[in-house]
Amino acid sequence: PIIVSGSHDGVIIYWNSSNGQMSSIQATSVSQHKNQVQGIRYDLANNQLVSCGLDDTLKFIDANEFKYIKEIRLDSQPQGLDVNLNGIVAVACI
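Everything quoted here is computed from the prediction, not taken from an experiment.

## Some thoughts on the sheet that holds strand β3 (residues 22-24)
No. 1: Sheet architecture is open: 3 strands sit in the order β1-β2-β3, paired in antiparallel fashion. Edge positions in the open sheet fall to β1 (2-6) and β3, since each of these has one partner strand only. The sheet shows a mean angle of 20 degrees between the axes of neighbouring strands, direction not considered.
No. 2: Alignment of strand β2 (residues 12-16) against β3, held across 3 bridges, turns out to be antiparallel. Its bridge partner being in β3, Trp-15 is matched across the sheet by Met-22.

## Quick notes on the pattern of salt bridges
No. 1: If you walk through the whole model with that rule in mind, you get 3 salt bridges.
No. 2: The closest approach of N and O atoms between Asp-82 and Arg-41, which form a salt bridge, is 3.9 Å. Here Arg-41 lies in strand β4 (residues 37-43) and Asp-82 lies in strand β8 (residues 78-83), a separation of 41 residues in the sequence.
No. 3: Looking at Arg-41, the relative accessible area reads 37%, which means it is partly exposed.
No. 4: A salt bridge links Lys-67 to Glu-65; the shortest N-O distance between them is 3.6 Å.
No. 5: Using a relative accessible area of 46% as the deciding quantity, one classes Glu-65 as partly exposed.

## Notes on the sheet that holds strand β5 (residues 48-53)
No. 1: As summarised here, the arrangement of the 4 strands in space is β4-β5-β6-β7, forming an open sheet in which the pairing is antiparallel. Sheet topology places β4 and β7 (67-73) at the edges, where each strand pairs with a single neighbour. The mean angle between the axes of side-by-side strands here comes to 20 degrees, regardless of whether they run parallel or antiparallel.
No. 2: As defined by bridge partners, β5 adjoins strand β6 (residues 57-62) across 6 bridges and the pair is classed as antiparallel. Among the inter-strand pairings, Gly-53 is bridged to a residue of β6, identified as Thr-57.

## Section: a nonpolar patch on the surface
No. 1: On the surface, Tyr-42, Leu-44 and Leu-85 cluster together into a nonpolar patch covering about 360 Å² of accessible area.
No. 2: Relative to the assigned elements, Tyr-42 resides in strand β4.
No. 3: Accessibility expressed as a relative area gives 41% for Tyr-42, which makes it partly exposed.

What counts as what
- Residues numbered from 1 in each chain as written.
- Predicted model: local features only at pLDDT ≥ 70, side-chain atom pairs only at ≥ 80, totals over all residues.
- Heavy atoms only, no water.
- Pairing = 2+ DSSP bridges.
- Helix = DSSP H or I, 4+ residues; strand = E, 2+ residues; numbered from the N terminus.
- Axes fitted to C-alpha atoms, helices over the stretch in contact; angles between N-to-C directions.
- Salt bridge = Lys/Arg side-chain N within 4 Å of Asp/Glu carboxyl O.
- Buried < 20%, exposed > 50% of the residue type's maximum accessible area, 1.4 Å probe, protein only.
- Patch = residues over 30% accessible without salt bridge, like charges linked within 9 Å, V, L, I, M, F, W, Y side chains within 5 Å.
- Areas by Shrake-Rupley, 256 points an atom, 1.4 Å probe, with all protein chains shown as cover.

Keep in mind that these numbers describe shape and distance, not what the molecule does.
Encoded structure:
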């Protein structure tokens, strides 16, 4: 299995638990979070990861290639998120 973690500096790392190799998510036209990662969830319906951070953004990550694919700017700071089986993302902000 793959293990994914986010850190205080905005970096999201994934590990291959079979061989111990780790790497950070690749930036594209979308960059990594610029502040602490608050949450990461897997979106089964769209085969992607969704993350939120204290930089007031949601980031979408292709779960096959581990590359950022989309960013949504929020009007307030997200504290957590969840994704349902239909791919609907719910975000709690302050």
